[in-house]
Amino acid sequence: MAEMTFGEAVRDALAEAMRDDATVWTLGEDLTEIHLVGGNYAYEGLIEEFGSLRVVNTPISESTIMGAAVGAAVAGTRPVCDMRTVDFALCAMDELVNQAAKIRYMFGGQARVPMVARMPIGARRGAAAQHCGSYEAWFVSVPGLVVVAPVTPADGKALLKSAIRCDDPVVFLEHKELFLDRGDVPDGDVTVPLGKGRKVREGSDLTIVAWSKMVLIAEEACDVLAAEGVTVDLIDLRTLWPWDREMVFDSARKTKRVLVPQEAVQVGGFAAEIAMSVSEAVGSDLLGPPRRLGAPRIPVPYSPPLEDEYRVTPADVVDAAHALLRASTPRGRLSADRPE
Amino acid sequence: MASLPGLAAAETGAASAAVVLGCLETMQLIREFEERSHEAVLEGLVHGSLHQSTGQEAVAVGVCSNLRPSDMIQSNHRNHGHAIAKGADPIAMMKELFGRVGGTSGGKGGSMHIADFSVGMMGANGILADGVPLAVGAAQAAVIKGEDRVVCAFVGDGTTNRGPFYEGLNWAKVFNLPLLIVCEDNGYASTTLTRSVTAGGGAAVRAEAFDIPAVTVDGNDLVAVHKAARELTESVRGGGGPRLLHALTYRIRGHVSRDMLAYRAAGETDEHWRREPIARCIQWLRGLGVSDEEIEEVRGRARTLISRAIDEARAAPFPDPGLAYADVQDIGGGRG
């Protein structure tokens, strides 16, 4: 076990995968010592160790970064392309959606596309409208893609290794505000299975389902709720497609209340998919309909007070939890309802 | 199909005549495939749009006759000729067009998504220019794995106006990749005259701007295409980096087979029928003393094989509907 940042953990995952398998390589813009997105150290040591043939610093050519990864995957390697931010990756949506995701299917299983597309997501202070996107709802709706969004350094490392070993294309979403977060990371070749969630907290009054940085925000909300006597089953999905239905449905049956907060714009969000799936699967066991929570439908603004309007905060999650609890609890039976 | 070693040794004479006769058979296979599959469209047996390469056969055959089975090609919506020339089975391809069991993609892809990885046909793309980045990646994989492999991307003239084409040219040059780009210039971008929407001097000039050597050739002259492609392929295989072949040809049929060609001048198509490559190849063979009997024998073989392809495709069953859920992804696929 060693304490390290998220950025260091995913760098180690990539380095270990490249040591284990000579067909693993990585490509992207600015894959130099001074990589500005991945906490400044995302590629430290990799160029010296593996050389420029396997750590490829590319032109600013997003279509070809993604497209070359697809072609190289089809031709027997396991590329890990770093799109720098999900917003830049939008220039390569065609190569992701029309090529990576469909080649196995439309060629009748003749070819596989074992690649990872890393796309840093989320709002970072002052980064404004074109560097703060969260588009996981788009990716989960594309057949053929696996979508991963870890929050802890340990899961970042373990899931990147699992993603690299996956024989299908994986969209790997790393929140930009997580890269410098520290945490304990187990030593050795530890992986986490794709599609399995993580129970962050055990509780009995409410289930909160979150992913990526929203897990940390939800944890803050859980602290507030705990002080009020409300205990929360907090689930970190870790993989968004396929998501851990069993863990979510089991928890929903237990707590009978489900809240799904997300950082992305609420409209058409992945939270709505989870909430609806919960309704369909275990709705009759619940005390009330599941609730979702997301950002207002605005581009991410620049000025701090404006940006704060976009962000879903711990207080927002607490408010949504209160609303859910009030709507699903007979009056007077909830500690939060009682006068101070 | 077989390569053309005879042409390398002697540009004329009996040895090359035999090789060109083999090429004629492949061109005739493509011609029959394109024309007969349109008949199947009219019968309702082929679903969706069909993009015929009638009149462009010499480009596919002239290029692919220089490639080895381990070399890879990337193609576009008008791909049947490239696939056949690279060695894909026309019977399996016809079954694919019919959407039947035994098709190259099991009926999942259809005409626009023919692939046969067993012969290095890495897939046809319905999204123009996407094949260039994919071919670039396949070439990069060959370098990483230390494989002796040339990757060839067939693109049309219309594709030279899309961004990924330029990204791919730049990238292939910067990383000195074993890539041959063949711009099969049939004059039309869908139903638009390409020159009416294209600035500058065309594909070869654009490649040269990236310091990528390019050769322009009469794409309806099989022997000329073969010779040009041979030199370029040898340069690529020798580690010289990417090359571009600009082959000037003509799309005799419409963008899709039901296209009534209302955008063409009267007589334009007829004029180009007089320049089509199969008749020119036959003239060339006759000039070397090859008999009409020999020529008709190989053409007849091609017609017979495509007739068999139609019959077998017609007789093949449709896939089980449950197969719609296969090969989406290992986890999270299926009906979930």
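Residues numbered from 1 in each chain as written. Chains lettered and ligands numbered in written order. Predicted model: local features only at pLDDT ≥ 70, side-chain atom pairs only at ≥ 80, totals over all residues. Heavy atoms only, no water.

## Things to note about the packing of aromatic side chains
Next up, step 1: With the rule as written, the count across this model stands at 10 aromatic pairs over all chains.
Next up, step 2: Relative to Phe249 of chain A, the ring of Trp243 of chain A lies with its centre 5.9 Å away and its plane at 85 degrees, an arrangement referred to as edge-to-face. Of the two residues, Trp243 of chain A and Phe249 of chain A, neither departs from the other in class, the shared state being buried.
Next up, step 3: Measuring from ring centre to ring centre gives 6.2 Å for Tyr188 of chain B and Tyr250 of chain B, while their planes differ by 75 degrees; the resulting arrangement is edge-to-face. Highlighted residues: Tyr188 of chain B in strand β5 (residues 188–189) and Tyr250 of chain B in the loop between β8 (243–248) and α10 (268–273), separated in sequence by 62 residues.
Next up, step 4: Of the residues examined, Tyr188 of chain B reaches a relative accessible area of 6% and is grouped as buried.
Next up, step 5: Residue Tyr250 of chain B is classed as buried on the basis of its relative accessible area of 7%.
Next up, step 6: Note that Lys108 of chain B overlies the ring of Tyr105 of chain A, its terminal NZ or CZ placed 4.2 Å from the centroid. (Phe/Tyr/Trp six-rings, centres within 6.5 Å; stacked < 30°, edge-to-face > 60°. Buried < 20%, exposed > 50% of the residue type's maximum accessible area, 1.4 Å probe, protein only. Helix = DSSP H or I, 4+ residues; strand = E, 2+ residues; numbered from the N terminus. Lys NZ or Arg CZ within 6 Å of the ring centre and 35° of its normal.)

## With respect to the interface of chain A and chain B
Next up, step 1: Across the boundary between the two partners, chain A contributes 46 residues, which contact 43 residues of chain B.
Next up, step 2: It is Tyr105, Phe107 and Gln110 of chain A in chain A that bury the most area against chain B; as a group they hold 19% of the surface buried on that side.
Next up, step 3: Summed over the shared surface of chain A and chain B, the number is three salt bridges.
Next up, step 4: Two residues, Asp327 of chain B and Arg104 of chain A, come together in a salt bridge whose shortest N-O distance is 3.1 Å.
Next up, step 5: Of all the elements in the fold, those that place two or more residues in the side of chain A that touches chain B are β2 (24–29), β3 (55–58), α3 (62–74), α5 (93–100) and α6 (103–106) of chain A.
Next up, step 6: Looking at the side of chain A that touches chain B element by element, the count peaks at 10 residues for α3 of chain A.
Next up, step 7: In the side of chain A that touches chain B, the residues fall into 23 nonpolar, 15 polar and eight charged. (Contact = heavy atoms within 4.5 Å. Buried area = accessible area lost by both parts, 1.4 Å probe. Salt bridge = Lys/Arg side-chain N within 4 Å of Asp/Glu carboxyl O. Nonpolar A, V, L, I, M, F, W, Y, C, P; charged D, E, K, R; others polar.)

## Things to note about the layout of surface pockets
Next up, step 1: Taken as a whole, the largest pocket spans an internal volume of roughly 420 Å³.
Next up, step 2: Taken together, 23 residues make up the lining of the largest pocket; nearest its centre are Asp157, Asp185, Gly187, Thr194 and Arg195 of chain B.
Next up, step 3: Among the residues making up the lining of the largest pocket, the classes are represented as seven nonpolar, 12 polar and four charged.
Next up, step 4: Considered as a void within the structure, the second largest pocket measures approximately 280 Å³ in volume.
Next up, step 5: Listing elements by their share of the lining of the second largest pocket, those giving two or more residues are α7 (136–140) and β13 (258–265) of chain A.
Next up, step 6: The residue makeup of the lining of the second largest pocket, split by class, is 13 nonpolar, five polar and two charged. (1 Å grid on protein atoms, 1.4 Å probe; cavity = no way out; pocket = protein on both sides within 12 Å on 5 of 7 lines; lining within 4 Å. Points joined across faces, edges and corners; volume = space filled by probe spheres on them.)

## So, the sheet that holds strand β4 (residues 78–82) of chain A
All names here are of chain A.
Next up, step 1: If you walk across this open sheet you meet the seven strands as β3-β2-β4-β5-β7-β6-β12, and the pairing is mixed. Each of the sheet's edge strands pairs with one partner strand only, and the pair in question is β3 and β12 (239–241). Along the sheet, successive strands turn relative to each other by an average axial angle of 20 degrees, direction set aside.
Next up, step 2: As judged from the four bridges shared by β2 and β3, these two strands associate in the parallel manner. For Glu29, the partnering residue across the bridge sits in β3 and is Thr58.
Next up, step 3: In the packing of helix α1 (residues 6–20) onto the sheet, the strands contacted are β2, β3, β4, β5 (116–118) and β7 (170–172), and the crossing angle to β2 comes to about 135 degrees. (Pairing = 2+ DSSP bridges. Axes fitted to C-alpha atoms, helices over the stretch in contact; angles between N-to-C directions.)

## Observations concerning helix α9 (residues 222–237) of chain B
Residues and elements named next belong to chain B.
Next up, step 1: In a regular helix each residue adds 1.5 Å, so 16 residues correspond to 22 Å; α9 covers 22 Å between its end C-alpha atoms and thus fits that length.
Next up, step 2: Of all the residues in α9, the buried ones are Leu222, Val223, Val225, His226, Ala228, Ala229, Arg230, Leu232, Thr233 and Val236.
Next up, step 3: Sitting at the head of α9, Asp221 places a side-chain oxygen 3.2 Å from the backbone nitrogen of Val223.
Next up, step 4: Just beyond α9, the residue with positive phi is Gly239, at close to 90 degrees. (Expected span 1.5 Å × (residues − 1). Polar contact = N/O pair within 3.5 Å; in protein donor to acceptor, adjacent residues only side chain to side chain.)

## Points about the nonpolar core
Soluble globular proteins tend to pack their nonpolar side chains together in the buried interior.
Next up, step 1: Membership of the largest hydrophobic core comes to 84 residues, with the highest contact counts inside it found for Met115, Met119, Phe139 and Leu237 of chain A.
Next up, step 2: Counting only domains with at least three residues in this core, you end up with domain 1 (2–185) and domain 2 (198–332) of chain A.
Next up, step 3: The contact partners of Met119 of chain A, leaving out residues within four places of it in the chain, are Met66, Met83, Val86, Ala89, Met93, Leu96, Phe139, Val171, Phe172, Leu173 and Glu174 of chain A.
Next up, step 4: With 62 residues, the next largest nonpolar core counts Leu21, Phe33, Leu45 and Ile84 of chain B among its residues. (Core = buried A, V, L, I, M, F, W, Y, C linked by side-chain atoms within 4.5 Å. Domains from an automatic or database assignment.)

## Details of the sheet that holds strand β14 (residues 291–295) of chain A
All names here are of chain A.
Next up, step 1: Pairing is mixed across the open sheet formed by five strands, whose spatial order is β9-β11-β10-β13-β14. Lying at the two open borders of the sheet, with one neighbouring strand each, are β9 (198–201) and β14. Looking at each pair of strands side by side, their axes are set apart by 25 degrees on average, direction ignored.
Next up, step 2: Pairing of β9 with strand β11 (residues 232–236), which is carried by three bridges, proceeds in the antiparallel orientation. Pairing of Lys199 across the sheet is with Ile235, part of β11.
Next up, step 3: Against the sheet, helix α10 (residues 245–255) touches β9, β10 (206–210), β11 and β13, its axis set at about 170 degrees to β11.

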